[in-house]
Amino acid sequence: MRRAPRQAGTGDRTSLSLPAEPAWVALARTAAIGLLQHRAGGAELGARLASVVADLAGAGLSGARNQDRLRVHFDVGTTSVIVTVELRRPGRWQPGGHFLESRTVSLDTDSTRSRRGTGRR
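Residues numbered from 1 in each chain as written. Predicted model: local features only at pLDDT ≥ 70, side-chain atom pairs only at ≥ 80, totals over all residues. Heavy atoms only, no water.

**Q** Help me out: how do you make sense of the side chain of Asp68 in this one?
**A** Within the secondary structure, Asp68 is located in the loop between α2 (43-61) and β3 (69-76). A distance of 2.8 Å separates polar atoms of two side chains, one belonging to Asp68 and the other to Arg89. What Asp68 contacts, discounting residues up to four positions off in sequence, is Pro19, Ala20, Gly63, Leu87, Arg88, Arg89 and Pro90. (Helix = DSSP H or I, 4+ residues; strand = E, 2+ residues; numbered from the N terminus. Polar contact = N/O pair within 3.5 Å; in protein donor to acceptor, adjacent residues only side chain to side chain. Contact = heavy atoms within 4.5 Å.)

Here you go:
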């Protein structure tokens, strides 16, 4: 795990870069739970965040190839965590070969918002 440089007005960003294989989703789930334990989140909130990570990663892995990389970004703010999962394919970009989806998990309530994107950022 690496922490990206902090920018003005944003929360903390923690990112994982993993092989695009189902076995690595467990590591991403564990990272989500540990991330909220350090932020004084409850066990229920950690389980909800881990579930969101598993859902997004599963959706991304459905179209993955062997050489792809699964990137999971956690943007932790004061009231929410934005989880972004993307699938990166090395070499030339091909339409439909890139997956990008985000969900926001509120730290206050039981709400989750979703945002899906495709194509290159």
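**Q** What is the right way to read the pairing of strand β2 (residues 12-19) from this model?
**A** Within a regular strand, side chains alternate between the sheet's two faces. Of all the eight residues making up β2, six are buried; the element is thus mostly covered by neighbouring parts of the structure. Bridge count for β2 against β3 is eight bridges, and the pairing is antiparallel. Bridge pairing links Arg13 to Asp75 in β3. (Buried < 20%, exposed > 50% of the residue type's maximum accessible area, 1.4 Å probe, protein only. Pairing = 2+ DSSP bridges.)

**Q** What's the story with the pairing of β3 in this structure? I'm lost.
**A** Two elements, β3 and strand β4 (residues 80-88), share eight bridges in a ladder whose sense is antiparallel. Looking across to β4, one finds that Val76 is bridged to Val81. What sits between β3 and β4 in their antiparallel hairpin is a turn of three residues.

**Q** Is there a simple way to think about the nonpolar core in this case?
**A** Nonpolar side chains in soluble globular proteins generally cluster together in the buried interior. In this structure, Leu70, Val72, Phe74 and Val83 are the most contacted members of the largest nonpolar core, which totals 26 residues. For this core, the elements supplying multiple residues, two or more each, are β2, α1 (25-38), α2, β3, β4 and β5 (99-106). For this core, the leading source of residues is α2, giving seven residues. Discounting residues that sit within four places of it in the chain, Phe74 has contacts with Asp12, Arg13, Thr14, Leu16, Ala28, Ala32, Leu35, Val53, Val81, Ile82 and Val83. (Core = buried A, V, L, I, M, F, W, Y, C linked by side-chain atoms within 4.5 Å.)

**Q** How should α2 be read in this particular structure?
**A** Every α-helix winds through 3.6 residues per turn, so residues three or four apart in the chain are directed the same way. Helix length check: α2 (19 residues) gives 26 Å between terminal C-alpha atoms against 27 Å at 1.5 Å per residue, within 8%. Turning to α2, its buried residues number three or more, namely Leu45, Gly46, Arg48, Leu49, Ala50, Val52, Val53, Leu56, Ala57, Gly60 and Leu61. (Expected span 1.5 Å × (residues − 1).)

**Q** Is there a simple way to think about the environment of Ser51 in this case?
**A** Relative to the elements of secondary structure, Ser51 occurs in helix α2. Looking at Ser51, the relative accessible area reads 34%, which means it is partly exposed. For the pair Ser51 and Ala32, spaced 19 residues apart in sequence, the C-alpha to C-alpha distance is 9.1 Å.

**Q** I'm lost on the confidence of the model for the protein chain in this one. Help?
**A** When pLDDT drops low, the exact placement of atoms in the prediction is not to be read closely. Per-residue confidence for the protein chain gives a mean pLDDT of 77, with 72% of residues at or over 70. Note that residues 1-9 has pLDDT below 50 and, in this model, twelve contacts with residues that lie over four places away or in other chains. (pLDDT = per-residue confidence, 0-100.)

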